[in-house]
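The primary structure of each chain is shown beneath.
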Amino acid sequence: MTDPSASAAHRAFLDLLHTQRVWDIELPAFDPAAAPRAPLPLFHAWFAEAVAAGQAEPHTMTLATVDAEGLPDVRTLMVHDADERGWHFATHATSAKGRELAARPYAALGFYWPAQGRQVRVRGPVTVCSPAESGADLHARSTGALASALVGRQSEVLGSAEELDRASDAAWRRAQEEPEAEVASWTRYVVEPREVEFFQGDARRRHVRLRYRREAGTGAAIGAGARTEAWERELLWP
């Protein structure tokens, strides 16, 4: 028998869902013919424009990996850099995503900036940075970030909120007393792009999708200094 309260809650959810609108703003134009020959300069430009447009947390992105059974996994985290090597992020090597990347070092990233109706998607193999670079990444961040890293045990089952409170308080004290404290599991990763897609939304649904694909056998440079023939550009149907 159907629960009437559950049905009413579902109807209320659908009513609310169907009242939501996308891009009730003036969206910027994007001429793919004028785009640079490599994706990195365009990413830098779009990021700056997202910041200027007031986009909240433009440095957040989704990271998709695959687990040992071949099932997809996804979460939101921060990008730490985007340079000629690729898109950088960091996490514990012992976390779920760290273990998944160790087993299957390939990932996809997604940025969404609704303030301008834009998305950027990145796919490619993942490499692990050196311990020195990983340590520098950690110590370039805030005291809170260091404290969180010192807590560790990311993705493990938590017994109680009180257990987290005790571990977090101890980690905060240590982070304040030892700002150069090391966290052996903290690891910086780089996604070396094989594909980068730029999506510009359009109110009439004539979205512009420009995909960069690295040609087989070309090097890892993705910026303005890369050989222009290293990237193939193509438009996609929306």
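Nothing here was measured: the structure is a model prediction, and the numbers come from that model.

Enquirer: What is the right way to read helix α2 (residues 39–52) from this model?
Expert: Helical periodicity: at 3.6 residues per turn, an α-helix aligns residues three or four positions apart in one direction. Across its 14 residues, α2 extends 20 Å between first and last C-alpha, which sits within 8% of the 20 Å expected from 1.5 Å per residue. Taken as a whole, α2 has its buried residues at P39, L40, L42, F43, W46 and A50. Seen end-on, α2 carries its buried residues on one side only, within an arc spanning 160 degrees. Just beyond α2, the residue with positive phi is G54, at close to 85 degrees.

Enquirer: What exactly am I supposed to notice about the layout of surface pockets here?
Expert: Taking a probe equal in size to a water molecule and rolling it over the atoms shows the remaining empty space. One number sums up the size of the largest pocket: a volume of about 280 Å³. Elements with a contribution of two residues or more to the lining of the largest pocket: β2 (72–78), β4 (86–92) and α5 (143–151). Classifying every residue of the lining of the largest pocket gives six nonpolar, seven polar and three charged. Considered as a void within the structure, the second largest pocket measures approximately 180 Å³ in volume. If you trace the second largest pocket, you find it lined by V151, G152, R153, E156, V157, L158, G159, E163, L164 and A167. At three residues, helix α6 (residues 161–177) tops the list of elements feeding residues into the lining of the second largest pocket. Grouping the constituent residues of the lining of the second largest pocket by class yields five nonpolar, two polar and three charged.

Enquirer: How do you make sense of the environment of V79 when you look at a structure like this?
Expert: Positionally, V79 belongs in the loop between β2 and β3 (81–83). Judged by relative accessible area, which is 15%, V79 ranks as buried. Here the alpha-carbon distance between V79 and P39, two residues 40 residues apart in the chain, equals 16 Å. Aside from chain neighbours lying at most four places away, what touches V79 is H59, M61, W87, H88 and F111.

Enquirer: Any chance you could explain the pairing of strand β6 (residues 118–128) here in plain terms?
Expert: The side chains of a regular strand alternate, first on one face of the sheet and then on the other. For strand β5 (residues 106–113) and β6, the ladder comprises eight bridges, and the chain directions are antiparallel. In the sheet register, G110 faces β6, and the bridge partner there is R121. Connecting β5 to the next strand, β6, in antiparallel fashion are four residues, including G117 with a positive phi near 65 degrees. Sheet topology note: the β6/strand β8 (residues 195–200) ladder contains six bridges and is antiparallel. Within β8, the residue paired with R123 across the bridge is E195. Relative to strand β7 (residues 186–191), β6 runs antiparallel, the two sharing three bridges. Residue pairing in the sheet places T127 in a bridge with V190 of β7.

Enquirer: Sorry if this is basic, but what is going on with the pattern of salt bridges here?
Expert: Opposite charge on two side chains lets them pair, provided their charged atoms get close. Taken as a whole, this structure holds 17 salt bridges when the rule is applied. Residue D137 is joined to R188 by a salt bridge in which the shortest nitrogen-to-oxygen separation is 2.7 Å. On the criterion of sequence distance, the pair formed by D137 in helix α4 (residues 131–139) and R188 in strand β7 is long-range, its members being 51 residues apart. Under the relative-accessibility criterion, D137 is labelled buried at 5%. The closest approach of N and O atoms between R153 and E156, which form a salt bridge, is 2.9 Å. Beyond isolated ion pairs, a larger network of salt bridges with shared partners links R211, R213, E232 and E234.

Enquirer: Is there a simple way to explain the pairing of β7 in this structure?
Expert: Counting buried positions over the six residues of β7 gives six, a clear majority of the element. Strand direction decides the pairing type here: β4 and β7, joined by six bridges, are antiparallel. Each residue of the ladder has a partner; that of F89, found in β7, is Y189.

Enquirer: Teacher, can you tell me more about the side chain of R214 here?
Expert: Along the chain, the position of R214 falls in strand β9 (residues 208–214). A polar side-chain atom of R214 sits 3.2 Å from a polar atom in the side chain of E192. Among the polar contacts listed, one links the side chain of R214 to the backbone oxygen of P193, at a separation of 2.9 Å.

Criteria and thresholds
Residues numbered from 1 in each chain as written. Predicted model: local features only at pLDDT ≥ 70, side-chain atom pairs only at ≥ 80, totals over all residues. Heavy atoms only, no water. Helix = DSSP H or I, 4+ residues; strand = E, 2+ residues; numbered from the N terminus. Expected span 1.5 Å × (residues − 1). Buried < 20%, exposed > 50% of the residue type's maximum accessible area, 1.4 Å probe, protein only. Arc of directions from axis to C-beta. 1 Å grid on protein atoms, 1.4 Å probe; cavity = no way out; pocket = protein on both sides within 12 Å on 5 of 7 lines; lining within 4 Å. Points joined across faces, edges and corners; volume = space filled by probe spheres on them. Nonpolar A, V, L, I, M, F, W, Y, C, P; charged D, E, K, R; others polar. Contact = heavy atoms within 4.5 Å. Pairing = 2+ DSSP bridges. Salt bridge = Lys/Arg side-chain N within 4 Å of Asp/Glu carboxyl O. Polar contact = N/O pair within 3.5 Å; in protein donor to acceptor, adjacent residues only side chain to side chain.

Shape is all these values report; function is a separate question.
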